[in-house]
Amino acid sequence: MSDSPAIAHGAADSAVHEHPPYQRHHFETMAQQNDATNFAMWIFLLTEVMFFGGLFTAYLIYRNWYYPAFVAGSHQLSIPLGGLNTLLLITSSFTMAMGVWCAETRRKSGLVLCLILTFILGLGFLGIKTIEYSEKIEKHHVPGFHYSLQSFLDPASDDAAKAAGDKPMALDMARHTEVYFSLYFAMTGMHALHMIIGISILGYMIFRARAGAYTAGHVAFVENFGLYWHFVDIIWIFLFPLLYLISRHQ
Amino acid sequence: MSEHQEHEHHIVSPKVYAIILLALLTGTALTVWASYIDLGILNPIIALGIACTKATLVVLFFMHVKYSSKLTKLTVGAGVFTFLILVGMTLADYFTRAWGRW
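Basis of the calculations
Residues numbered from 1 in each chain as written. Chains lettered and ligands numbered in written order. Predicted model: local features only at pLDDT ≥ 70, side-chain atom pairs only at ≥ 80, totals over all residues. Helix = DSSP H or I, 4+ residues; strand = E, 2+ residues; numbered from the N terminus. Rg over C-alpha atoms; globule rule 2.2 N^0.38 Å. Buried ≥ 20, exposed ≤ 12 C-beta atoms within 10 Å, placed from the backbone. Contact = placed C-beta atoms within 7 Å. pLDDT = per-residue confidence, 0-100. Core = buried A, V, L, I, M, F, W, Y, C linked by C-beta atoms within 7 Å. Axes fitted to C-alpha atoms, helices over the stretch in contact; angles between N-to-C directions. Parallel < 35°, antiparallel > 145°, perpendicular 65-115°, else oblique. Left-handed = near helix turned anticlockwise from the far one by under 90°. Nonpolar A, V, L, I, M, F, W, Y, C, P; charged D, E, K, R; others polar. Domains from an automatic or database assignment.

Student: Help me understand the overall build of chain A, please; the structure alone is not making it clear to me.
Tutor: From N to C terminus, chain A includes ten helices and zero strands. Going from N to C terminus, chain A has its helices and strands arranged as α-α-α-α-α-α-α-α-α-α. On C-alpha atoms alone, chain A measures out to a radius of gyration of 23 Å, which is more than a quarter above the 18 Å that the 2.2 N^0.38 rule sets for 250 residues. Taken along the three principal axes of its C-alpha coordinates, chain A extends 80 × 30 × 30 Å. Out of the 250 residues in chain A, the part that is buried amounts to 41%. Expressed as a percentage of contacts within chain A between residues at least 6 apart in sequence, the contacts between residues at least 24 apart total 73%.

Structural data, given as structure tokens:
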């Protein structure tokens, strides 16, 4: 995924090397180098799939074990906010894909615009996530010493629980809502961390794109970053129904 | 390495991207709408079905796998297969062992 030019060679060397400066000298052709970096990026993404897969599996098992607690926990999430975040992320995936197209067809200002839009949409996602997190902090739904069971023991005192028609829960089951929120914060938190890393790289790419780095025929970096960004989108595509949607009627 | 088969680079057009964006937005609207209807056991199945469809669209078109080399296709396929084996076997183990004795 490197986009820096290959290490400069001596004068004698450069006479032998008749290839673009961004082609590493251990590759025969640019096509071979692109195939290799693309393959490496996919291998990295597969390790990410396995990593998130563990979290998803934990969620599925605990959801089946402590089902009433997970239903009541998910009633505390806002579908409008989660849905809006899904829209932002899907749109950012589209602008990123358009950015790849701009780089491939050497449209410099188009690429910069697409990257900036992706950057802004990503920040918007994190902004809404912050609103959701702060609500959880206010209600003491963050697992730990200050965790509060009030929304689950006395749902009439909680707007979200009341709207969902929750019934008061026995203490031992109510305590398991903490497991739900542990997984909620672990999964959305890891996802948000990936977004923060992606947005940081996007910031760097915007500077490089303005200098024309990706519109001179070498697009591997933009393309492979696109793969990463779409992968983060896919994780959210699964998080949204699993955490927000599937327990609305119990 | 001269016999190495290199993959021709395919540029996906903005039209394809726009169609996929529309499909993804429709899928999102559909999954939110379906979640408000009480369908019992079907609710999670429909939600996950739509999510899998959306993820497949992203992988095939936004991530260019449909237009990629056989190596990339095989890599993605092997990854999904291994993922399903790991998750499936783990769930099968949990669901058939000491169930209800937590």
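Student: Explanation requested: the overall build of chain B in the structure shown.
Tutor: The helix and strand inventory of chain B stands at three helices and zero strands. Ordered by position from the N terminus, the helices and strands of chain B form the series α-α-α. The burial tally for chain B puts 23% of its 102 residues in the buried class.

Student: Would you mind going over the confidence of the model for chain B with me for this structure?
Tutor: Residues shown with low pLDDT carry predicted positions that ought not to be read at fine detail. When pLDDT is averaged along chain B, the result is 89; 87% of the residues meet or exceed 70. This complex was scored by the predictor with a pTM of 0.90 and an ipTM of 0.90.

Student: Looking at this structure, how should I read the interface of chain B and chain A?
Tutor: Interfaces are often sized by the amount of accessible area the parts lose when they come together. Taken together, the contact between chain B and chain A spans 40 residues of the former and 40 residues of the latter. Contributions of two or more residues to the side of chain B that touches chain A are made by α1 (14-35), α2 (42-62) and α3 (70-95) of chain B. Among the elements that line the side of chain B that touches chain A, the one with the most residues is α3 of chain B, at eleven residues.

Student: For this particular structure, what's the right way to read the nonpolar core?
Tutor: In globular proteins that are soluble, nonpolar side chains generally tend to be buried together. Core analysis: the largest hydrophobic core is formed by 79 residues, its most contacted members being Ala97, Leu111, Leu115, Tyr214, Val222, Ile235 and Leu239 of chain A. Elements supplying a minimum of two residues to this core: α2 (30-65), α3 (67-74), α4 (79-104), α5 (108-138), α9 (177-210) and α10 (220-245) of chain A together with α1 and α2 of chain B. The dominant element in this core, judged by the number of residues it contributes, is α10 of chain A, at 20 residues. Sequence-distant contacts of Leu239 of chain A, that is, excluding residues within four places in its chain, are made with Met187, Thr188 and His191 of chain A.

Student: Sorry, what's going on with the confidence of the model for chain A here?
Tutor: Per-chain confidence: chain A averages 91 in pLDDT, with 93% of residues scoring 70 or above. Across residues 8-12 of chain A, confidence stays below pLDDT 50; counting only partners more than four residues off in sequence or on other chains, it has two contacts.

Student: Any chance you could explain the packing of α5 of chain A against α9 of chain A here in plain terms?
Tutor: For any two helices packed against each other, one specifies the crossing angle of their axes together with the interaxial distance. Residue and element names in this part refer to chain A. At a minimum axis separation of 9 Å, α5 and α9 run at an interaxial angle of 155°. When the interaxial angle is binned, α5 and α9 end up roughly antiparallel. The two elements α5 and α9 cross, and the hand of that crossing is left-handed. Judged by residue contacts, Leu111, Val112, Leu115, Ile116, Thr118, Phe119, Gly122, Leu123, Phe125, Leu126 and Lys129 of α5 engage Thr188, Ala192, Met195, Gly198, Ile199, Leu202, Gly203, Met205, Ile206, Ala209 and Arg210 from α9.

Student: Explanation requested: the packing of α10 of chain A against α2 of chain B in the structure shown.
Tutor: Direction vectors running N to C along α10 of chain A and α2 of chain B enclose 175°, while the axes themselves pass 10 Å from each other. Of the possible angle classes, the one that applies to α10 of chain A and α2 of chain B is roughly antiparallel. For the pair α10 of chain A and α2 of chain B, the contacting residues are His230, Asp233, Ile234, Ile237, Phe238, Pro241 and Leu245 of chain A in the first and Ala47, Leu48, Ala51, Lys54, Ala55, Val58 and Phe62 of chain B in the second. Here the residues of the contact of α10 of chain A with α2 of chain B sort into eleven nonpolar, one polar and two charged.

Student: Help me understand the domain arrangement of chain B, please; the structure alone is not making it clear to me.
Tutor: When cut into domains, chain B gives domain 1 (13-63) and domain 2 (68-97). The centre of domain 1 of chain B, based on its C-alpha atoms, is set 21 Å off from the matching centre of domain 2 of chain B.

Student: Help me out: how do you make sense of the environment of Thr57 of chain A in this one?
Tutor: If you trace the backbone, Thr57 of chain A turns up in helix α2. With 17 C-beta atoms packed within 10 Å, Thr57 of chain A lands in the partly exposed category. Taking C-alpha positions, Thr57 of chain A is 24 Å from Ile90 of chain A, a pair spaced 33 residues apart along the chain. For Thr57 of chain A, the contacting residues outside a window of four places in its chain are Val87, Thr90 and Leu91 of chain B.

Student: Would you mind going over the environment of Thr82 of chain B with me for this structure?
Tutor: Along the chain, Thr82 of chain B falls in helix α3. Taking the C-alpha atoms as reference points, Thr82 of chain B and Trp33 of chain B, separated by 49 residues in sequence, lie 32 Å from one another.

Student: What is the right way to read the environment of Leu84 of chain A from this model?
Tutor: Relative to the assigned elements, Leu84 of chain A resides in helix α4. As a C-alpha pair, Leu84 of chain A and Gly124 of chain A span 40 residues in sequence and 9.8 Å in three-dimensional space.

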